[in-house]
Amino acid sequence: MNIFARLHSDLLSILNELSAAKILPPDMRTDRISVESPRDSTFGDMSSNAAMVLAKNAGMKPRDLASLIVEKLEALPVVATAGIAGPGFINITLATSAWHDVLQTVLAEGPKFGASTIGAGEKVNVEYVSANPTGPLHIGHARGTVFGDVLASLLENVGYDVAREYYMNDAGTQVDVLARSAHLRYREALGEDIGEIPSGFYPGDYMIPVGRALAEKFGDKWVNAPESEWLAEIQGFTVDAMMALVRDDLAALGVNQDNFVSEKALVAAGKVESVHAALTARDLIYTGVLEPPKGKKPDDWEPRPQELFRATAFGDDVDRPLRKSDGSWTYFASDIAYHLDKFERGYGKLIDVWGADHGGYVKRMEAATKAITDGGAALDVKICQIVKLMDDGEPIKMSKRTGTFVTLRDLVDEVGKDVVRFIMLTRSNEAPLDFDLKKVTEQSRENPVFYVQYAHARCHSAMRLATDAFPELSTERKSLVTSELTVLDDSAELALIKVLGAWPRAVEGAALAHEPHRIAYYLQELSAEFHGLWTKGRERPELRFIVENNAGKTQARVALVRAVQIVIESGLNILGVEPVKELR
RNA sequence: GGACCCAUAGCUCAGUUGGAUAGAGCACGACAUUCCUAAUGUCGGGGUCAGUGGUUCGAGUCCACUUGGGUUCACCA
């Protein structure tokens, strides 16, 4: 149950009554009416703009309309008081019993509290990582990977049918380079001295085992063979090996994607030709010459007639090439084919998670998706800004040569998957992020991962101690559902329950806005409220969770602690972070 | 030069899709430990929301322009 959604629907019923009584017009616009918690909690628990939104339409002053609504709101059992403030806000304070009901709902629903069905089973495709299969993942991939994975979980949580997808760019020149690099390592594995890896090849040590495996499988048959004979086979073999590395890296971060879609397979299946035909049929392709970029003309620029897609007809700044000057397809062409493929597989909602360096690519992809699906697919491209790796305030220089922490795996080994996942969501995706190796492992208030984990561990600690004091007390949520909760009447306790009550709304908001970082922020807020209540017990012993010689009150408090634990666990599950019961 | 993102407290950043007196952490100052894990908490000072104009009952939020920073810029992926 979402308490905000409930009040919202109660409010709409009231408005309908007023409409039936001819006070409000029948065609009133209710879509802009909101029920949310006010910034300042002294205004009450909830606040609505209904009177201000409808006033003009009803031909009334906002405050006059508000008073009619307030009268009816106050008749509701869940409402303690309602009032009018400012230009026409309706402020609502809920009955204490309503908050007890919320707490009971958390216990009754358990892990399902906060989940919803607003997605209605609609198919959503979340594409993330999609690193070129030319080596292991590095830290630059970490943010988008976590972002996409958590966004997918969020959407699942609110009832969408979600696919987690990886697009493999296993076609094009970079995989040819990869195959040549593998051939070099293959010769090396057979005893040849290959010296320094020449520039233009992938130099990484991770290619050495590939060379050995090739040597084992094929012996020396391709040592002196011309490239045309071995390229295709070694390329396939090496891409498979690279994808195995990538999957291992993803697994280390707790990521398991459903689909791995091959660009090469799309091209081989003629999908790019189909796209070309489809766009041609819509008169969206022509042969033209692009202008050089203003103010930064490349030295080797020369006018080139190319086949161009009319991206400008769909909001892009210039038309974009589908074929290179040699007539072969651009990456963009196969990317259009890929997005059409997603749409044809039944996904009406598409989400792409890209790095900041691809920001300039967004408009053309949106334009192309609009064109090729005739507006049928809704594409949202989420750009993750760069992560700066720091060590105690000092930036770490990224260098592939000296390379400390170049790879994602190294980062996970150093600080752990849970820390990486959580910290990547402590900023909006559109803001740059500092990842400080020292600070993220500190056990202090500054470190949000620790802070939230500590709150969760404290919940378990409190429940353990409660059973020590009252051995007959069960801390299982199902036993706690029937607890007598009316003893929870302190404002600090109610404040904590109110934060719990906001959880379903937080999940829904984060999912619909495609902003997973809101979950991390919510968890910090809930943890702060919980730590605060805990510490209040120091000054005011009557607020402690364990009340001597009072099993009933203790049980009510434990019910609250269990509810906090349940919601933190749900939140951490969405983030893919393990909720710990004890800290070491 | 164009495009995209950013600009909020000394620092790092949130800001519930346009609501009321703009929030948190750090830092700074004061305070609380015979007390469920002090690994925490409470209180306080600190703001021209980069600037100008516009849209309306109402703008940190939307629009235009200006300034400053980041990313990116024919055919690469």
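Residues numbered from 1 in each chain as written. Chains lettered and ligands numbered in written order. Predicted model: local features only at pLDDT ≥ 70, side-chain atom pairs only at ≥ 80, totals over all residues. Heavy atoms only, no water.

Draft legend 1. Fine view of the protein's contact with RNA strand B. Not every one of the 64 residues close to RNA strand B is listed here, only the nearest: Phe89, Lys294, Gln443, Leu465 and Arg538. When the atoms of RNA strand B within 4 Å of the protein are sorted by group, sugar and phosphate make up 59%. Contact between RNA strand B and Glu430: a phosphate oxygen at 3.0 Å from a side-chain N or O atom of the residue. Between Trp534 and RNA strand B, the recorded distance is 2.5 Å, taken from a backbone N or O atom to a base nitrogen. Contributions of two or more residues to the surface near RNA strand B are made by α2 (50-58), β4 (89-94), α6 (173-189), α12 (362-372), α15 (448-469) and α19 (517-539). Residue composition of the surface near RNA strand B, by class: 24 nonpolar, 19 polar and 21 charged. (Near = heavy atom within 4 Å. Polar contact = N/O pair within 3.5 Å; in protein donor to acceptor, adjacent residues only side chain to side chain. Helix = DSSP H or I, 4+ residues; strand = E, 2+ residues; numbered from the N terminus. Nonpolar A, V, L, I, M, F, W, Y, C, P; charged D, E, K, R; others polar.)

Draft legend 2. Quick peek at the packing of aromatic side chains. A full pass over the atoms with the stated rule returns 14 aromatic pairs. When the ring of Trp503 is compared with that of Tyr522, the centres are 5.0 Å apart and the planes differ by 40°; the resulting orientation is tilted. Placement of Trp503 in helix α18 (residues 503-512) and of Tyr522 in helix α19 is noted, with a sequence separation of 19 residues between them. Accessibility classification places Trp503 together with Tyr522 in one group, the buried group. Among the aromatic side chains, those forming a connected cluster through ring pairs are Phe309, Phe314, Tyr331, Phe332, Trp354 and Tyr361. (Phe/Tyr/Trp six-rings, centres within 6.5 Å; stacked < 30°, edge-to-face > 60°. Buried < 20%, exposed > 50% of the residue type's maximum accessible area, 1.4 Å probe, protein only.)

Draft legend 3. Region of interest: unusual backbone geometry. Even without a glycine there, the phi angle at Asp283 is positive, about 60°. Mapped onto the elements, Asp283 comes out in the loop between α10 (271-281) and β8 (285-289). Backbone geometry at Asn549 places phi at a positive 55°, although glycine is not the residue there.

Draft legend 4. Highlighting the sheet that holds strand β6 (residues 161-168). Overall, parallel pairing links the five strands, which are arranged β7-β6-β5-β11-β12 in an open sheet. Of all strands in the sheet, those with a lone pairing partner are β7 (259-262) and β12 (378-384), marking the two edges. Along the sheet, successive strands turn relative to each other by an average axial angle of 25°, direction set aside. Strand direction decides the pairing type here: β6 and β7, joined by four bridges, are parallel. Across the sheet, the residue bridging to Met168 is Ser262, located in β7. Against the sheet, helix α8 (residues 227-252) engages β6 and β7, with an angle of about 140° to β6. (Pairing = 2+ DSSP bridges. Axes fitted to C-alpha atoms, helices over the stretch in contact; angles between N-to-C directions. Contact = heavy atoms within 4.5 Å.)

Draft legend 5. View of helix α4 (residues 96-109). Helix length check: α4, at 14 residues, gives a terminal C-alpha distance of 20 Å against a target of 20 Å (1.5 Å per residue), a fit within 8%. Buried residues of α4: Ala98, Trp99, His100, Val102, Leu103, Thr105, Val106 and Leu107, and no others. Those residues of α4 hidden inside the fold are in contact with α1 (3-20), β4, α16 (477-480), α17 (491-501) and α20 (551-575). Backbone geometry just downstream of α4 places Gly110 in the positive-phi region, at approximately 55°. (Expected span 1.5 Å × (residues − 1).)

Draft legend 6. Representation of the pattern of salt bridges in the model. As enumerated under the stated definition, the model contains 27 salt bridges in all. A salt bridge links Glu344 to Lys271, with the shortest nitrogen-to-oxygen separation between them at 3.9 Å. On the criterion of sequence distance, the pair formed by Glu344 in helix α11 (residues 331-344) and Lys271 in helix α10 is long-range, its members being 73 residues apart. Residue classification places Glu344 among the exposed positions, given a relative accessible area of 51%. Lys271 sits in the partly exposed class, given a relative accessible area of 26%. The residue Lys417 makes a salt bridge to Asp418 at a minimum N-O spacing of 3.1 Å. (Salt bridge = Lys/Arg side-chain N within 4 Å of Asp/Glu carboxyl O.)

Draft legend 7. A look at the sheet that holds strand β2 (residues 46-48). Read from one edge to the other, the open sheet built from four strands follows the order β1-β2-β4-β3, with strand pairing classed as antiparallel. Either end of the sheet is taken by a strand with one partner, and the two such strands are β1 (35-36) and β3 (79-85). Alignment of β3 against β4, held across six bridges, turns out to be antiparallel. Each bridged residue has a counterpart across the sheet, and for Ala85 the counterpart in β4 is Phe89. In this fold helix α3 (residues 62-74) packs onto β3 and β4, with an angle of close to 175° to the strand it touches most, β3.

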